[in-house]
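# A structural walkthrough
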Amino acid sequence: MNEQRHRLPWSHALLAVAVVAVWGSNFAIIKVALGSLPPLLFATLRFAFALLPAVFFLPRPAVPWSNLAAYGVLIGAGQFGLMFIAMNGHISPGLASLVLQTQVFFTVGLSVLIVDLDPQANASLHVGRKHPSEVPVTCAELLLAEPEKLPLAIHDDTNIEGVALIYGSLALGRTEDQLRERTPRPAEELRSKLAPLDGIYDVVLMDCPPSLKLLTSNALAAATHLIIPVISGSQYGMYGVTDLMHHVGMIRRINPGLALLGALLMRHDERQTVCKLIEGTARAEIGRLLPVRISTSTKVEQAAMANASLHRWDRSAKVSREFHQLAVALAAELQLSVSGEEDA
């Protein structure tokens, strides 16, 4: 995990000002159009012209049709329809723009980037809209390329809103040997490649392969914090943890700021003896456990098959609430400001 806390670059601030200027002028044009068209007809035409080209190129969001229809009615007729009626009366374009943007204060969340360093690319298959084999620049190409390739590797169009992705791929299986041959510091390539993203994302999550080779070393060298997942319901849950802790100690020579957030107990059932034993062993060997345990649930596999977040798939499920509690606990630990409900 890489937590970003940096000032907004001037170039991004100027782009934000440009967006504000375009957004504000949009309301002046709306006011002129309302002089010739009824408000609800204008709202219908506005969305119709946006829909007709887009519907042929953009995939349908991974939500039920009923939710999609309800959202369309509430946004089209509810929000913009009522706003156009108000603007057709006495409210000025500037005031309309200001009132509409107050919604930002109720929807502020965290911007997240997932970096998939696992050749199996399970995170990419779940979060991404494309198959990793269809992506020209994955983590494999990024690690071996010049830093200029970074924008080509980041995909904002994913199955989870607010989450961007750098895809993993099977090619990562060959990347470790190539890094040793081509780079003077093979364990620090990812850190140098992600450096331009400082201040862009609130959180960067790095998914590592189940090994202590060069890909995992790159993630640890680039990270600010570490979470160790432990399968609580298995006798092999702690297999390799001693070697991992030794490896983390070695990585701290090049990344002394790497902090351990703790072990995350997965598939945990407090009623089972093996889970109690694993919990005690994890506390003794790792030293710290995260305050939330994730229980076993078929909802995880169901959400993965639907390419949806647990929060969107079934927010009332016990495991969904546990992941939400975990996100809240981590945000508090990292002193990240969040509001509203986030996808888990």
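Residues numbered from 1 in each chain as written. Predicted model: local features only at pLDDT ≥ 70, side-chain atom pairs only at ≥ 80, totals over all residues. Heavy atoms only, no water.

## Re the overall build of the protein chain
If you tally the helices and strands in the protein chain, you get 16 helices and seven strands. The burial tally for the protein chain puts 38% of its 344 residues in the buried class. For the protein chain, the share of sequence-separated contacts (at least 6 apart) that also reach a separation of at least 24 residues comes to 77%. (Helix = DSSP H or I, 4+ residues; strand = E, 2+ residues; numbered from the N terminus. Buried < 20%, exposed > 50% of the residue type's maximum accessible area, 1.4 Å probe, protein only. Contact = heavy atoms within 4.5 Å.)

## Re unusual backbone geometry
Among all residues except glycine, the phi angle is most often negative; among peptide bonds, the trans geometry is most common. If you check the backbone angles, Ala 121 has positive phi at about 55° while not being a glycine. Looking at the secondary structure, you find Ala 121 in the loop between strand 2 (112-116) and helix 6 (122-127). Of note in the backbone geometry, Gln 335 takes a positive phi value of approximately 60° without being a glycine. Note on placement: Gln 335 falls in the segment after helix 16 (318-333). For Gln 335, a relative accessible area of 63% translates into the label exposed.

## Let's talk about the environment of Ser 297
By secondary structure assignment, the location of Ser 297 is in the loop between helix 13 (273-286) and helix 14 (298-305). Considering only alpha carbons, one finds Ser 297 and Ala 317, 20 residues apart in sequence, at a separation of 8.8 Å. A distance of 3.1 Å separates a polar atom in the side chain of Ser 297 from the backbone nitrogen of Lys 299. (Polar contact = N/O pair within 3.5 Å; in protein donor to acceptor, adjacent residues only side chain to side chain.)

## Let's talk about the pairing of strand 7 (residues 259-266)
Here strand 6 (residues 225-231) runs beside strand 7; their pairing, made up of seven bridges, is parallel. Considered in strand 7, the bridge of His 225 is made with Ala 259. Note that the unit made of strand 6, helix 12 (residues 241-251) and strand 7 has a crossover that is right-handed. (Pairing = 2+ DSSP bridges. Right-handed = clockwise from strand over helix to strand, strands pointing away.)

## Comments concerning the confidence of the model for the protein chain
Mean pLDDT over the protein chain: 84, with 88% of residues reaching 70 or higher. Here residues 104-108 is modelled with pLDDT under 50, and outside its nearest four sequence neighbours on either side it reaches three contacts, counting other chains as well. Low pLDDT, under 50, characterises residues 340-344; the predicted model gives this stretch 19 contacts beyond four residues in sequence or across chains. (pLDDT = per-residue confidence, 0-100.)

## Thoughts on the pattern of salt bridges
Counted by the stated rule, this structure contains ten salt bridges. Between Arg 283 and Glu 279 there is a salt bridge, and its shortest N-O distance comes to 3.5 Å. With Arg 283 and Glu 279 both in helix 13 and four residues apart, this pair spans about one turn of that helix. You can call Arg 283 partly exposed: its relative accessible area is 42%. On the accessibility criterion, Glu 279 (16% relative accessible area) is buried. The closest approach of N and O atoms between Arg 288 and Glu 333, which form a salt bridge, is 3.2 Å. One end of the pair, Arg 288, is in the loop between helix 13 and helix 14; the other, Glu 333, is in helix 16, and 45 residues separate them in sequence. Assessed through its relative accessible area of 41%, Glu 333 is described here as partly exposed. Several salt bridges converge on common partners, so that one network encompasses Arg 185, Glu 188 and Arg 191. (Salt bridge = Lys/Arg side-chain N within 4 Å of Asp/Glu carboxyl O.)

## Concerning helix 2 (residues 39-54)
Taking 1.5 Å per residue as the helical rise, helix 2 with its 16 residues ought to reach 22 Å, and the 23 Å between its terminal C-alpha atoms agrees with that figure. What helix 2 keeps buried is the set Pro 39, Phe 42 and Ala 43. The buried side chains of helix 2 occupy one side of the element, clustering within an arc of 105° when seen end-on. Structural note: helix 2 exposes Phe 49 and Leu 52 on the side pointing more than 90 degrees away from its buried face. Buried positions along helix 2 lie against helix 1 (10-33) and helix 3 (65-88). (Expected span 1.5 Å × (residues − 1). Arc of directions from axis to C-beta.)

## Quick look at the side chain of Glu 189
Position of Glu 189 relative to the elements: it lies in helix 10 (residues 189-194). On the basis of relative accessibility, which here comes to 14%, the residue Glu 189 falls in the buried class. Apart from residues no more than four positions distant in its own chain, Glu 189 is found in contact with Leu 143, Leu 179, Thr 183 and Asn 218.

## Considering a nonpolar patch on the surface
Taken together, the side chains of Leu 51, Val 55, Phe 56, Phe 57 and Leu 58 define a hydrophobic patch exposed on the protein surface, amounting to about 620 Å² of accessible area. The residue Phe 56 is located in the loop between helix 2 and helix 3 in this model. Overall, Phe 56 belongs to the exposed group, its relative accessible area being 65%. (Patch = residues over 30% accessible without salt bridge, like charges linked within 9 Å, V, L, I, M, F, W, Y side chains within 5 Å. Areas by Shrake-Rupley, 256 points an atom, 1.4 Å probe, with all protein chains shown as cover.)

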